[in-house]
Amino acid sequence: MTAPHPRYRRAMAIPVGMAMATALAFLPNVTASAADAPVSAEADATSLSYVVNVRPGHGVPGQVKKAIAEAGGTIVTSYDKIGVIVVHSANPDFAKILRTVRGVDSAGNTRNAPLPAQSTTDIGTPKVLSAAEAGAAEAAEGQDPLEPLQWDLPAIKADKAHEKTLGSSKVTVAVIDTGVDDTHPDIAPNFDREASVNCVTGKPDTTDGAWRPGATESPHGTHVAGEIAAAKNGVGMTGVAPGVKVSGIKVSTTAGYFYTEAVVCGFMWAATHGVDVTNNSYYTDPWYFNCKDDPDQKALVDAVSRASQYAERKGAVNVAAAGNENYDFAADEITDPVSPNDATPTERVVDPSECLDIPTQLPGVVTVAATGAKGIKSSFSNHGLGVVDIAAPGGDSTRFQTPAPPATSGLILGTLPGGKWGYMAGTSMASPHVAGVAALIKSTYPYAPPALVKALLYAEADATPCTDPYDIDGDGKVDAVCEGTKNRNGFYGWGTADALDAVTK
């Protein structure tokens, strides 16, 4: 079987060395995995998970409930507000049968691997900041110790914005991701426990600490959380919005898969727990692109669309990473070689206007492309006129974009589980910068609805013209084509995020 390819918006596999992490004497004596409670799928080895979509707001219709049982299904939970039912069944024809039932809008399996997914993988190890690197950083007065290494903050004028506001503790950004280590000294001061949960099975698990990543799980969500809201507390680094709250909504399996039922649960939890911004640095497995002419994939699009739109109606701005394949989402066709990533992928050619990367391409979602230390589109960042809304620092290889001193790495510094800090790169790192700016806007204009927050985010972005020709590696060949104008184009959308203008104009 082809090796699995789970997809949070993977940190780029830029070769980096490993080093010993900085130790903190006052780090709380709690490990990231101490309360990582495993959640039973309550299914046998041949069961799959399904979503059944019905009319929102009316509960599960009697005939649908009966049909689910007769087809060998067990209801795990239902989100009546949006009409999404999560079901487990070992019947391979379950979805096909349910699609014939009166009252069912769509139904489909969310995975190919039996519950739980029997696969393991890694995202590529982040470069952990060494004690020597940390000690070499010379912070100016008012800066956190590692802030001189964060070239990304001045790139979006976040350092200047902090002179105006650090953000409000009444604003919460939810990190829908691999889990957040809330014991980290840069995260603990700003952590919102009430808005945190484990959604991996599709049903909320509120066990204390269930939102944390296990010791062998990805540090991705913890890194993202620090980028957004690492406290300005004289320790470590500084987040884009260091005065706001951050929560962890864990939606990835131990193997690193973000399945539909978990993502739906994540958005619904955010919607009902006062979250102002969600960050989504992943795509919903197992399909990179979900084609609406396939009944199973259509059901997944329907379910996640309903959930994300409900979260927005309840006040959340949803921000998502564009992805790291240098795809042009405005192209007529894209070759997808990795789907389904929990089985044997079959290379297929898709139309990205009909086959959607979710939640990235869903209506209302703020889609973020990545830039490097020189302000140019990162070598890996997906792009596309009309799809990318805004750009922000996501890092790049120093071979392509080298930061100005004192910063030494072209990657993005963030928090890592266990009280560490380290570097990662990807559109996964760009999205939280925009989520942080959105949180600063919401802090400045607390009654602004999502539409206004997004309008301000785009209006105050720094217009960034196309990089033309785009030959990032300097080999004389064009590596990507940018379409559009200075004020809106496929590389940078409405421009590069500007935290200062967002809170002062």
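Residues numbered from 1 in each chain as written. Predicted model: local features only at pLDDT ≥ 70, side-chain atom pairs only at ≥ 80, totals over all residues. Heavy atoms only, no water.

Notes on the packing of helix H9 (residues 427-444) against helix H10 (residues 450-459)
In a packed pair of helices, the relevant descriptors are the angle between the two axes and the axis-to-axis distance.
No. 1: The N-to-C vectors of H9 and H10 enclose an angle of 115°; their axes lie 10 Å apart at closest approach. H10 is crossed by H9, and the crossing has right-handed handedness. Here Val434, Val437, Ala438, Ile441 and Lys442 of H9 come into contact with H10, specifically with Val453, Leu456 and Leu457.
No. 2: Split by residue class, the contact of H9 with H10 holds seven nonpolar, no polar and one charged. (Axes fitted to C-alpha atoms, helices over the stretch in contact; angles between N-to-C directions. Helix = DSSP H or I, 4+ residues; strand = E, 2+ residues; numbered from the N terminus. Left-handed = near helix turned anticlockwise from the far one by under 90°. Contact = heavy atoms within 4.5 Å. Nonpolar A, V, L, I, M, F, W, Y, C, P; charged D, E, K, R; others polar.)

Remarks on the state of the cysteines
No. 1: Per the stated rule, a full pass over the model turns up three disulfides.
No. 2: Each sulfur in the disulfide pair Cys199 and Cys265 lies 2.0 Å from the other. On the sign convention where negative is left-handed, the bridge of Cys199 and Cys265, at about -60° about the S-S bond, is left-handed. Of this pair, Cys199 sits in the loop between strand E7 (197-198) and helix H6 (220-229) while Cys265 sits in helix H7 (residues 260-272), and the two are 66 residues apart along the sequence. Just as Cys199 is buried, Cys265 falls in that class too.
No. 3: Between the sulfur atoms of Cys291 and its disulfide mate Cys355 the distance is 2.1 Å. One quick way to see it: the torsion about the S-S bond of Cys291 and Cys355 is about 110°, and its sign makes the bridge right-handed. (Disulfide = S-S within 2.5 Å. Buried < 20%, exposed > 50% of the residue type's maximum accessible area, 1.4 Å probe, protein only.)

A word on H9
No. 1: For H9, with 18 residues, the first-to-last C-alpha span of 26 Å sits near the 26 Å given by 1.5 Å per residue.
No. 2: Most of H9 sits out of view: 17 of its 18 residues are buried. (Expected span 1.5 Å × (residues − 1).)

Describing the pattern of salt bridges
No. 1: Scanning the entire structure with this criterion turns up 14 salt bridges.
No. 2: We note a salt bridge from Asp182 to Arg212, for which the minimum N-O separation is 2.6 Å. Within this pair, whereas Asp182 is found in the loop between strand E6 (172-177) and E7, its partner Arg212 is found in the loop between E7 and H6, the two being separated by 30 residues in sequence. Comparing Asp182 with Arg212 shows no difference in burial state: the two are buried.
No. 3: For Glu312, the salt bridge is made with Lys454, and the minimal N-O distance between the two is 2.9 Å. Here the residue Glu312 occupies a position in helix H8 (residues 295-313), and Lys454 occupies one in helix H10, the gap between them amounting to 142 residues.
No. 4: One salt-bridge network, in which partners are shared between bridges, spans Lys157, Asp462 and Asp498. (Salt bridge = Lys/Arg side-chain N within 4 Å of Asp/Glu carboxyl O.)

Some remarks on a negative patch on the surface
No. 1: On the surface, a cluster of negative charge is contributed by Asp293, Asp332, Glu333, Asp351 and Glu354.
No. 2: Within the secondary structure, Asp293 is located in the loop between strand E10 (290-291) and H8. (Patch = residues over 30% accessible without salt bridge, like charges linked within 9 Å, V, L, I, M, F, W, Y side chains within 5 Å. Areas by Shrake-Rupley, 256 points an atom, 1.4 Å probe, with all protein chains shown as cover. Lys, Arg positive; Asp, Glu negative; His and termini not counted. Charge placed at Lys NZ, Arg CZ, Asp CG, Glu CD.)

Looking at the pairing of strand E17 (residues 412-416)
No. 1: Of all five residues in E17, five are buried; the element is thus mostly enclosed.
No. 2: In terms of strand pairing, E17 meets strand E18 (residues 420-424) through five bridges, oriented antiparallel. The residue of E18 that forms the bridge with Thr415 is Trp421.
No. 3: Between E17 and E18, which pair antiparallel in sequence order, lie three residues; one of them, Gly418, sits at a positive phi of approximately 85°. (Pairing = 2+ DSSP bridges.)

What about the sheet that holds strand E2 (residues 73-79)?
In a beta sheet, neighbouring strands are held together by backbone hydrogen bonds and run either parallel or antiparallel to one another.
No. 1: Strand order in this open sheet of four strands is E2-E3-E1-E4, and the pairing throughout is antiparallel. Edge positions in the sheet fall to E2 and strand E4 (104-109), since each of these pairs with one other strand and no more. For this sheet, the mean angle separating the axes of adjacent strands, direction not counted, is 20°.
No. 2: Sitting on the sheet, H7 is in contact with strand E1 (48-54), E2 and strand E3 (84-89), with an inclination near 25° to E2.
No. 3: Packed on one face of the sheet, H8 meets E1, E3 and E4 and runs near 110° to E4.

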